[in-house]
Amino acid sequence: MRKNPITFRATIVLAFVVFMVGVFVLRLIDIQVIQAAALTQESVDKRSIPTTVYSKRGQITDKNGIVLADSVMRYNVTVSPKNAKDFLRQTDRSEVTITPQQAAIEIGTLTGQKPEDILKIIADALADNPKSDFAYIKKAVDVDTFRALNALEIPWLFYEQAPGRTYPNGAVAGNLLGFVGADGSAQAGVESGWDSCVAGVNGEEMYQRGADGVRIPGSTITSVKSENGGTLKLTIDSDLQWFVQQSLAKQVDKFSAEWGIAVVQEAKTGKLLAVADYPSLDPNNVDATQDTNRGSRAFMSPYEPGSTMKPITASMLINAGVATPETQVWDPYYMKFPNGAEITDAVMHGTLPLTLTGVIEQSSNVGMSQLGDTLPADQRYDYMLKFGLSSVSASGYPAESAGILASSDAWDNQTHYTVTFGQGVATTAIQMSSAYQAIANNGKLIPATLVESCTMPDGTVIKPDVPDTTQVITPESARTVIGMMENFVTQGWITKEVTVPGYRVAMKTGTAQQPDGAGGYKAEYVVSNMGMIPADDPQYIITVVIAEPKIKLTAIVCPPVFKAIEQQVIKRYRIKPSQGEAPVFPIRF
Amino acid sequence: MSSLNASRISRPQVRPQMGSKPAARSATSAPQRAGIAPTIQGNLALKARTSLNKATAWRPSIQVVATRAQRKARPKVFYAIITVGVIFGIIISNLLLSVAVASGAYEISAMQQSNKELGRSYQTMNQDLDRLSSPQNLAANAEALGMVNNSTPVYLRLSDGAVLGTPEPASATSGLIAGAEGAVPNSLLTGVTLVTQKESEAKAAAAKKAAAEAAKIAPGADSAPAAAVPAGPVALTNGLPGVATR
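I will try to describe carefully the structure that is included in this document.

The rules we used
Residues numbered from 1 in each chain as written. Chains lettered and ligands numbered in written order. Predicted model: local features only at pLDDT ≥ 70, side-chain atom pairs only at ≥ 80, totals over all residues. Helix = DSSP H or I, 4+ residues; strand = E, 2+ residues; numbered from the N terminus. Axes fitted to C-alpha atoms, helices over the stretch in contact; angles between N-to-C directions. Parallel < 35°, antiparallel > 145°, perpendicular 65-115°, else oblique. Left-handed = near helix turned anticlockwise from the far one by under 90°. Contact = placed C-beta atoms within 7 Å. Core = buried A, V, L, I, M, F, W, Y, C linked by C-beta atoms within 7 Å. Buried ≥ 20, exposed ≤ 12 C-beta atoms within 10 Å, placed from the backbone. Nonpolar A, V, L, I, M, F, W, Y, C, P; charged D, E, K, R; others polar. Expected span 1.5 Å × (residues − 1). Arc of directions from axis to C-beta.

Looking at unusual backbone geometry
Note: most residues except glycine have negative phi, and most peptide bonds are trans. Residue and element names in this part refer to chain A. In this chain, tyrosine 278 is followed by proline 279 through a cis amide linkage whose omega measures 5°. Position of proline 279 among the secondary structure elements: in the loop between strand E12 (272-278) and helix H10 (297-300). Of note, the bond from isoleucine 533 into proline 534 is cis; its omega dihedral lies within 30 degrees of zero at -20°. Among the secondary structure elements, proline 534 is positioned in the loop between strand E22 (521-533) and strand E23 (540-547). Phi angles above zero are rare outside glycine, and glutamate 153 is one such case at about 55°. Following the sequence through the fold, glutamate 153 ends up in the loop between helix H5 (143-151) and strand E7 (157-166).

Below, the structure is given as structure tokens:
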């Protein structure tokens, strides 16, 4: 039977069509069902741009809210070396060809680099890898430079964000603040010690964008939420801090001293208002400061305090009831003690009939050793521990030293006596300031604090933990010791150097030898002044320490700084003139 | 139904001169008007016969009359139009909505960009403000204006007018704190002019300082070949190419 040709052809065509449709259906199923997830992912990936949402590292402010450390966005300038070729620049009326050399000159003028250096960066990158697509021209340029560079419209120049840190007040409290590294991680100081407060969490997000680079609405997926850091408020008063730092620096420079420390602490709260270190660190320009000078010596470097320890020893004796300000002692220049220890005074003199007040006024080592010995060593050691001479403050400053104070069992025959006048023991300036704070505050020690609060972005305020206060000596004993320190000023050589008319001041000087690291003592001294104003109701503790001034009469180095700080504190905190007269204790008998 | 219609239509019909009447008249109304009772009742109404003798000028007139169902069905077209219209409406509004969203995306993008730029401006201005209000700058400016720090505080008690403290005039030099350079550095203040200084002077001073530092760092820098960069054809003024073709 002969087939109808038309029917036959139709059948073939139909079969073919059915086959093709079948193929397409299979492919469709393959794409839409079997590979669907993978393909969708691939397409999303192609359109998606992963980005880092930089968090803001929190500010560090002083007690008045003045910003000491702030976060800024800086920009890394990068180049695509393989594309660094001539390009056309559209000007008002024509197009100009700009060669890489010309572009390098333009870039260099803005970044402060030499054009040949820029070209070298490009050439080096190409030498390493002819297809090199990335090299840094300059890291961390500021917004103005970034804008100017961007305006050049160089097609092979690119930028990436680089969060940076700026310290508007420069070296004011710079040693306290510390600094952050190029990668934004805290390196030193409060930045490091309180990193948990100020550090933020960088966010991660993905979004899709269209062909013209515009973000497609609703396509943003946040995988990690960006969280800003908190604001850290210090107890530092930046204006006072600057003044103290400036006064200290001038004096350290004047006498070519090695370093200096000045501390102002609030007597009733233990808050540190100023902690100056010199040489200072400008955290904006860390490289300008030597490695050893970048931290805060006030917290980190213990020194032998010397005679500023005498009022502390006197307070132990008075509190323990073994001495009064009038307790008498014969004070020779040199004395050999029964246990073999030999103690001399700083200045040659005949044997003097001194009271305890006189021992402090004359700053007699021999007299203090004799009187100090009336209290057993373990009790003196306990008092020293109570005065905080072996513990760190509540400041949270990283790498803070707890001083060097051996247990009384370990004191040798010499140390048994020398600790009474501050040798054979090393303390930080902060520890000494705190011990004086206890005397100033009716015998109650409040651990020194440097941080007022941490305010998180959501408004919660975190107060730092402060250890309990300690009643070290009785209020009456404290009052008596303050009176003795006042007599040091009113009856001694230093009256004119430190007295501000109308104000009573209680203080003590110290001139201490420092270990030379080879078992002996250096020829140079660390001189210090420690005191409190106003003496009738102490409000502020002032500490000035200057190391190794190049001058014979070292005693005159610190008082000008001490007085300048006194005057500034009186003015700044509106201290009323003192009431009453200083008590008069007999010096000799 | 169509076959029924057809059979009726095939029959010769006599129709009076009423052809002028609309064809769609109802089956019942015409006979009534003629005053004759209808002979046929039902769905298919033919026009009633009138007296033949009157019908001298009649002509056959056949017409499909819609059934009740058809008449009822007719509004369905209306619904269809509505449906299609609504669908088109939805499509168009959807289109307009996505156009609006898309243009919103551009608006958002532009605004985010301007937000970023404003943020940058805020940052630079804030930085300027902060560094200018630093104690170093304030003290240096105050001293440049001839101000000194009187370090002898004196109080006047309002209740009895008593002077507390010992007034002492400050001498022109006694109260100087900052000095020429200032011992507390702030590298952010590089190039910042004092109020008493002309900008050009400050720039000259800064340049001098920079040159001195550069000389300190690289004493042999001058001998280095400075012509490593071939001079381009475009003259540079202020670091930017000055175009010669005008």
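Okay, back to it.
Some details on the packing of helix H3 (residues 100-111) of chain A against H5(A)
Residues and elements named next belong to chain A. With their axes 10 Å apart at the nearest point, H3 and H5 run at an angle of 165° to one another. Regarding the angle of H3 to H5, the classification is roughly antiparallel. Seen along the crossing, H3 lies across H5 with a hand that is right-handed. Contacts between H3 and H5 pair Ile107, Leu110 and Thr111 from the former with Thr145, Ala148 and Leu149 from the latter.

Details of the nonpolar core
Residue and element names in this part refer to chain A. By size, the foremost hydrophobic cluster in this structure holds 123 residues, and its most contacted members are Ala262, Val263, Val264 and Ala274. No other element matches helix H16 (residues 429-440), which puts eight residues into this core. Residues in contact with alanine 274, not counting those within four places in the same chain, are Ile236, Asp237, Leu240, Gln241, Val244, Ala262, Val263 and Val264.

Quick word on the interface of chain B and chain A
Contacts between the two partners involve 42 residues from chain B and, on the opposite side, 49 residues from chain A. Breaking the side of chain B that touches chain A down by element, the ones donating at least two residues are helix H4 (75-132), helix H5 (135-144) and strand E4 (240-242) of chain B. Here the element with the most residues in the side of chain B that touches chain A is H4(B); it accounts for 12 residues. Counted by class, the side of chain B that touches chain A contains 23 nonpolar, 16 polar and three charged residues.

Describing helix H4 (residues 115-128) of chain A
Residues and elements named next belong to chain A. Compared with the 20 Å implied by 1.5 Å per residue over 14 residues, the 20 Å span of H4 between its first and last C-alpha is a close match. When we look at burial in H4, the residues that qualify are Ile118, Leu119, Ile122 and Ala125. Buried positions in H4, seen along its axis, are confined to an arc of 125° and lie on one side of it. In H4, the exposed positions angled more than 90 degrees off the buried face are occupied by Asp124, Ala127 and Asp128.

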